[in-house]
Amino acid sequence: MKKVHIVAHTHWDREWYFSDNEAFIQFSYHMDEVIYSLENKELDYYYLDGQLSILDDYLKVYPNQEATLKKLVEVNKLFIGPWYTQMDEFVVAGESVVKNLQIGIEMSKRLGGHTSLGYLPDSFGQGKDMPKIYNGFGIEDAVFWRGMPNEVTKSREFYWTAEDGSKVLTINIRNGYYAGVALVEGELYQKKEILDIVSQDSSTDVVTLPVGGDQRAVDRNLKEIIQEVNEQFGKEYTIEESNYPHIFNLLRKQTKNLPTVQGEFMSGSVSKIHRSIYSSRYDLKQLNDKVENRLIFQLEPLMLMADDLGIPFKRELLDYIWKLLLKNHAHDSIGGCNTDKTNEMILARYKEADQLSYSTVDYLVRKISESIAEIKPNDLILFNTLPYKRCDPYIVEVSTKLKHIKLFDDNHQELEHQILSSEKVYAGEVRRLERDYDEAKYYYIHKISFIKETDPLAYTIVTIEEQAELVHNKMITNERAVIENEAYKLSFSDGQFCILDKRQEKTYENCLYVEESGDEGDTYDYSPAYHDKVHHLNFDTSNVVVQAGPFLSTMTLKGSWSLPKDLQSRKEEQLNAKVNYTFVVTLSKESKRIDMKLKIDNQVLDHRMRLVVKTPVKSQVSYADTLFGIVERKNQDPHIHDWKKLGWKEEPTEIYPMIHYSTIHDATTSWTILSRGIKEYQVIDSDLYITLFRGVGFLGRPELLRRPGDASGNQYRYIPTPDSQLLGELEMDISLIISEVFDPVMVQKEYQLYSNESPYYQIQTLNRFTNPIQYFQSNKVDQLNGLNTLIDLSDSNLVYSALELSRDQKWVQIRLYNPSLASSVENEKIMLKNKSNTHFVDLNGNTIETLGKLHEIQLGKFKPGEIKTVAIERTQ
């Protein structure tokens, strides 16, 4: 006989086709029902969707309820956590997932403790690294719904593993987290039907049936219904109220014959997975990447450096900014599948997190710079917040009274530099007429580039000396459409690009163009227009400007494309809209990258634009980065032609997510695309198709070519989303690396350098508006301490993931991982400046192994995909 365990719960979308404010009002009253039902024994248990953000909002308004909630949690009636928000697993950074759990678990502590369960019931697919992330927080059980194909396993209970050996005992919910609603609302035959359905794929007699749904009110009559069902079907099933910890305790006693599976799950065979949501609302995803990278690779390391120097680390501020970002990582929020009103609020949170994070960086670099004892006017202080020596060209703006400058290092050796631009600016009070300006109050803002090696997690000082005479270091304008550096020579002719890879001595003709096509999908899914035409767009323009210099060389193309303005025009094959573009290609000194910036003035509705990178690679698979590793994916799905016959929910188009990069390679060459905010790619034949953006006008549409059936989001009405058309100016940053072999460690390091410009500050009073708060006076630190942290990972064969300060502020924690799918990494070590106590800790900072007081930390063997975090005691 099967025992069916009923889990009373709610799935609470923070926002969707409603705003978080609208949802919060319902949640305010919902919690009254939850508390009443538990206190008055209408329910034995209730699971609050595994996320703390909704309680965070609630307790800000109702702080008097904290003691009541804590009591219910402590007596195991109310189950909360471990997440802060129910996040997406495919487009946010791994460290964002770690912070999500860290903050959720920390908040749970004051509310009686978290449920140790990897609970993601509605994420659009499951990432392959989740088992090792869960294990890193001591979590050994997981529950999810979407993404698992029947061909992997039909068992609803299994062990899910990662390549490093991590594993979690997993329940894959049958028919969704809302399946049990039929037990409450259905006719008698429907109640029996759902019991049969959820039981048929269970490998044990422990069957899970969640009763709840989106923003669902408490089912206060659940006990009566359970009694009724037991009376009706007691010969086949025993039904009881239950909770996930109890279910997993029972399940562990019956795991002998459970299957083991590994990998990511993003199949649309049994549930919608929305495999092209990665390109919805590109503008929001771009902002997410910008803030995410700043928090991980700039702000926390800089706050740690500042704390060493004597400027206190503000944990509460850092957590507040992270919470703003994490609220936007909820699967609908980051997906962009929302109403325009909701996306406006998401954008507002991004803007707030952006302003808070860059303002903190600005404040700290100013405070440190102005407090340096030997500092003098016109000194330029460069900060390196990465654990590598930075030898790539700096690009900075400096303000000087005189028109010309020279740069000197700390040994007063002149540094060659390149003037990228100069602007004459007035420093006096503004007047209506420029002729009233005092010539003596003008100064110059120079944008310059130079190389100055900067130690890891340190700052260095460059001196600017103003010159009366001309210094010959400006950009040289070149009439030939050719730029080059040590690695590449790139030429442009007749609308086409040619790349010479100098290291491999290979030339690639016509290797970059843009593809444009219709999109009659919605905010969830791309779908071709019913009457479509695909446009192959070269950069046909004579407006080409080349500027060459010792550190940076750029090629700028300006032109326009004629395209159909909407789906009707596309059907009629009219080219009645003009899309202007600016395409800038940059080569930096000794760089492995070809950096590209494409600015588009989008004036077309319902379409998709992709950058096509034509490669010589012969491969049946592609690779992309994941939360803490890489994944191999087939370039052609085996069911691309028979999915309708099989009854799948959507077409398994080979559109895939990437967090930071995608790669194809073979035995002779490797081609990698890095991006700042672009999250979607596809490989067709040998070519990489990178989705720049797509614009659509509805939250959900029915009967898409790629997704038959009802509309996603809200199947009962069309909800227009004109903002999701992304009309107006858009800017995309992409970089190409061509190399002999695919090295995921090198690629991630290049991405970190590419996506994180070094902070800097100039000691000057001419320009009081280099940042919004510089106009105001700031006190210096009485005496700066020395920097304690000196870690150099420049030569590491591991990927650096994070530098963080423990919550008790006693330990510096460095996280590294091995991205390889098959190879181990050995003999890695970290050299410390001072002998210090060291530990291995888990992802939440709990000690795994005490290493002792060391100068040299031997990291041991990193298995494929393994993550390790080293904690180093801070010196006082």
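One can find the structure itself at the top, above this paragraph.
None of the values given here were measured: they were computed from a predicted structure.

Looking at the overall build of the chain
Then comes step 1: Along its length, the chain carries 16 helices and 43 strands.
Then comes step 2: What you see for the chain is a C-alpha radius of gyration of 29 Å, in line with the 29 Å of a compact globule of 876 residues.
Then comes step 3: Expressed along its principal axes, the backbone C-alpha trace of the chain runs to roughly 100 × 70 × 60 Å.
Then comes step 4: Here the chain holds 876 residues, and the buried ones make up 63% of them.
Then comes step 5: The contacts of the chain with a sequence gap of at least 6 include a subset with a gap of at least 24, amounting to 76%.
Then comes step 6: Carbon and sulfur atoms form 46% of the exposed surface of the chain, whose accessible area is close to 34,600 Å².
Then comes step 7: Averaging the locations of the 102 positively and 130 negatively charged side chains of the chain gives two centres separated by 1 Å.

Brief notes about the nonpolar core
Then comes step 1: The biggest cluster of nonpolar side chains holds 213 residues, and the ones touching the most others in it are Leu55, Leu78, Met130, Phe497, Phe539 and Trp561.
Then comes step 2: Ranked by the residues each element gives to this core, the list is headed by helix α10 (residues 282-309), at 14 residues.
Then comes step 3: Core analysis: the next-biggest nonpolar cluster, separate from the first, contains 18 residues, Val143, Trp145, Tyr177 and Tyr244 among them.

Notes on the packing of aromatic side chains
Then comes step 1: Evaluation of the coordinates by the stated rule reveals 39 aromatic pairs.
Then comes step 2: Ring geometry for Trp12 against Phe27: centres 5.0 Å apart, planes inclined by 65°, an arrangement best described as edge-to-face. Of this pair, Trp12 sits in the loop between β1 (2-8) and α1 (20-39) while Phe27 is found in helix α1, placing the two residues 15 residues apart along the sequence.
Then comes step 3: An angle of 90° between the planes, with centres 5.9 Å apart, marks the rings of Phe27 and Tyr58 as edge-to-face. With Phe27 in helix α1 and Tyr58 in helix α2 (residues 53-61), the pair connects residues that are 31 residues apart, well separated along the chain. Taken as a pair, Phe27 and Tyr58 share a single burial class, namely buried.
Then comes step 4: Feature note: the residues Phe492, Phe497, Phe539, Trp561, Tyr581 and Phe583 constitute an aromatic cluster, connected by ring pairs.
Then comes step 5: Positioned over the ring face of Tyr526 is Arg608, at 3.6 Å from the centre of the ring.

Considerations on the sheet that holds strand β12 (residues 394-400)
Then comes step 1: With antiparallel pairing, the three strands of this open sheet are ordered in space as β12-β16-β15. Edge positions in the open sheet fall to β12 and β15 (417-426), since each of these has one partner strand only. Sheet twist, expressed as the mean angle between neighbouring strand axes with direction ignored, is 20°.
Then comes step 2: Sheet topology places β12 next to strand β16 (residues 442-450); seven bridges connect them, and they run antiparallel. Looking at β16, one finds that Val398 is bridged to His446.

A look at the pairing of strand β20 (residues 488-493)
Then comes step 1: Residues Tyr488, Leu490 and Phe492 of β20 are buried on one face, while the alternating residues Lys489, Ser491 and Ser493, pointing to the opposite face, are not.
Then comes step 2: One ladder, built from three bridges, connects strand β19 (residues 482-484) with β20; its direction is antiparallel. Paired with Val482 across the strands is Ser491, a residue of β20.

Some thoughts on unusual backbone geometry
Then comes step 1: In this chain, Gly81 is followed by Pro82 through a cis amide linkage whose omega measures 10°.
Then comes step 2: By the element assignment, Pro82 lies in the loop between β3 (78-79) and α4 (94-109).
Then comes step 3: Not every positive phi belongs to a glycine, and Arg281 is a case in point at roughly 45°.
Then comes step 4: Looking at the secondary structure, you find Arg281 in the loop between β10 (260-262) and α10.
Then comes step 5: Even without a glycine there, the phi angle at Glu573 is positive, about 60°.
Then comes step 6: In this structure, Glu573 sits in the loop between α14 (567-571) and β27 (577-588).
Then comes step 7: Here Glu573 falls in the exposed class, since its relative accessible area comes to 59%.

Considerations on the pattern of salt bridges
Then comes step 1: Counted by the stated rule, this structure contains 67 salt bridges.
Then comes step 2: In this structure, Asp219 and Arg216 form a salt bridge, with 2.9 Å as the shortest nitrogen-oxygen distance.
Then comes step 3: Taking the relative accessible area as the measure of exposure, Arg216 reaches 15% and is therefore buried.
Then comes step 4: A salt bridge links Lys597 to Glu731; the shortest N-O distance between them is 3.2 Å. Linking Lys597 in strand β28 (residues 593-602) with Glu731 in strand β37 (residues 728-739), this pair joins segments that are 134 residues apart in sequence.

A few points about helix α8 (residues 222-233)
Then comes step 1: The end-to-end C-alpha distance of α8 is 16 Å, a good match for the 16 Å that 12 residues give at a rise of 1.5 Å each.
Then comes step 2: Taken together, the buried positions of α8 are Leu222, Ile225, Ile226, Val229 and Phe233. For α8, the buried positions fall inside an angular range of 100° around the axis, keeping them on one side.
Then comes step 3: Looking at the buried residues of α8, the elements they touch are β1, α6 (181-185), α7 (188-200), β8 (206-211) and β9 (237-241).

So, the environment of Thr463
Then comes step 1: With respect to the helices, strands and loops of the structure, Thr463 is situated in strand β17 (residues 458-467).
Then comes step 2: Sequence separation between Thr463 and Glu416 is 47 residues, and the spatial gap between their C-alpha atoms is 12 Å.
Then comes step 3: Sequence-distant contacts of Thr463, defined by excluding residues within four places in its chain, comprise Lys376, Asn378, Asp379, Lys406, Leu407 and Phe408.
Then comes step 4: Reaching out from Thr463, the side chain makes a polar contact with the side chain of Asp379 at a distance of 3.2 Å.

Some thoughts on the sheet that holds β19
Then comes step 1: Spatially, four strands are ordered β19-β20-β21-β22 in an open sheet, and the strand pairing comes out antiparallel. The outermost strands of the open sheet, each flanked by one partner alone, are β19 and β22 (506-509). Averaged over neighbouring strand pairs, the angle between their axes works out to 15° when direction is ignored.
Then comes step 2: Strand direction decides the pairing type here: β20 and strand β21 (residues 496-501), joined by six bridges, are antiparallel. The residue bridging Tyr488 from the neighbouring strand is Asp501, located in β21.

Regarding the side chain of Ser399
Then comes step 1: Within the secondary structure, Ser399 is located in strand β12.
Then comes step 2: Given the relative accessible area of 3%, Ser399 is considered buried.
Then comes step 3: Only 3.5 Å separates the side chain of Ser399 from the side chain of Asn767, close enough to count as a polar contact.
Then comes step 4: Ignoring anything within four residues of it in the chain, the contact list for Ser399 reads Asn378, Tyr443, Tyr444, Ile445, Gln762, Gln764, Leu766 and Asn767.

Quick notes on a nonpolar patch on the surface
Then comes step 1: A surface patch of nonpolar side chains, about 570 Å² in accessible area, is lined by Tyr363, Phe769, Ile773, Tyr775 and Phe776.
Then comes step 2: Inspection of the secondary structure puts Tyr775 in the loop between β38 (760-762) and β39 (799-805).

So, the packing of helix α11 (residues 315-327) against helix α13 (residues 340-371)
Then comes step 1: α13 packs onto α11 with a crossing angle of 150° between their chain directions and a minimal axis gap of 9 Å. Relative to α13, α11 is oriented roughly antiparallel. By crossing handedness, the relation of α11 to α13 is classed as left-handed. For the pair α11 and α13, the contacting residues are Leu317, Tyr320, Ile321, Leu324, Leu325 and Lys327 in the first and Arg349, Tyr350, Glu352, Ala353, Leu356, Ser357 and Thr360 in the second.
Then comes step 2: By residue class, the composition of the contact of α11 with α13 is eight nonpolar, two polar and three charged.

Considerations on the side chain of Asp57
Then comes step 1: By secondary structure assignment, the location of Asp57 is in helix α2.
Then comes step 2: At 2.8 Å, the side chain of Asp57 forms a polar contact with the side chain of Arg14.
Then comes step 3: In this structure, Asp57 is in contact with Arg14, Phe24 and Lys327, ignoring residues within four places of it in sequence.

Comments concerning the environment of Leu120
Then comes step 1: Within the secondary structure, Leu120 is located in strand β4 (residues 118-120).
Then comes step 2: The spacing of Leu120 and Asp88 is 32 residues in sequence and 8.9 Å in space, taken between C-alpha atoms.
Then comes step 3: Apart from residues no more than four positions distant in its own chain, Leu120 is found in contact with Trp83, Gln86, Met87, Glu89, Gln126, Met130, Tyr134, Val143, Phe144 and Trp145.

Overview of the packing of α4 against α11
Then comes step 1: At a minimum axis separation of 11 Å, α4 and α11 run at an interaxial angle of 115°. By the angle between their axes, α4 is roughly perpendicular relative to α11. When you trace α4 past α11, the crossing you get is left-handed. Contact residues: α4 offers Glu95, Ser96, Lys99, Asn100 and Ile103, while α11 offers Asp319, Trp322, Lys323 and Leu326.
Then comes step 2: Each residue belonging to the contact of α4 with α11 can be placed in one class, and the counts come to three nonpolar, two polar and four charged.

Procedures and definitions
- Residues numbered from 1 in each chain as written.
- Predicted model: local features only at pLDDT ≥ 70, side-chain atom pairs only at ≥ 80, totals over all residues.
- Heavy atoms only, no water.
- Helix = DSSP H or I, 4+ residues; strand = E, 2+ residues; numbered from the N terminus.
- Rg over C-alpha atoms; globule rule 2.2 N^0.38 Å.
- Buried < 20%, exposed > 50% of the residue type's maximum accessible area, 1.4 Å probe, protein only.
- Contact = heavy atoms within 4.5 Å.
- Areas by Shrake-Rupley, 256 points an atom, 1.4 Å probe, with all protein chains shown as cover.
- Lys, Arg positive; Asp, Glu negative; His and termini not counted.
- Charge placed at Lys NZ, Arg CZ, Asp CG, Glu CD.
- Core = buried A, V, L, I, M, F, W, Y, C linked by side-chain atoms within 4.5 Å.
- Phe/Tyr/Trp six-rings, centres within 6.5 Å; stacked < 30°, edge-to-face > 60°.
- Lys NZ or Arg CZ within 6 Å of the ring centre and 35° of its normal.
- Pairing = 2+ DSSP bridges.
- Axes fitted to C-alpha atoms, helices over the stretch in contact; angles between N-to-C directions.
- Salt bridge = Lys/Arg side-chain N within 4 Å of Asp/Glu carboxyl O.
- Expected span 1.5 Å × (residues − 1).
- Arc of directions from axis to C-beta.
- Polar contact = N/O pair within 3.5 Å; in protein donor to acceptor, adjacent residues only side chain to side chain.
- Patch = residues over 30% accessible without salt bridge, like charges linked within 9 Å, V, L, I, M, F, W, Y side chains within 5 Å.
- Parallel < 35°, antiparallel > 145°, perpendicular 65-115°, else oblique.
- Left-handed = near helix turned anticlockwise from the far one by under 90°.
- Nonpolar A, V, L, I, M, F, W, Y, C, P; charged D, E, K, R; others polar.

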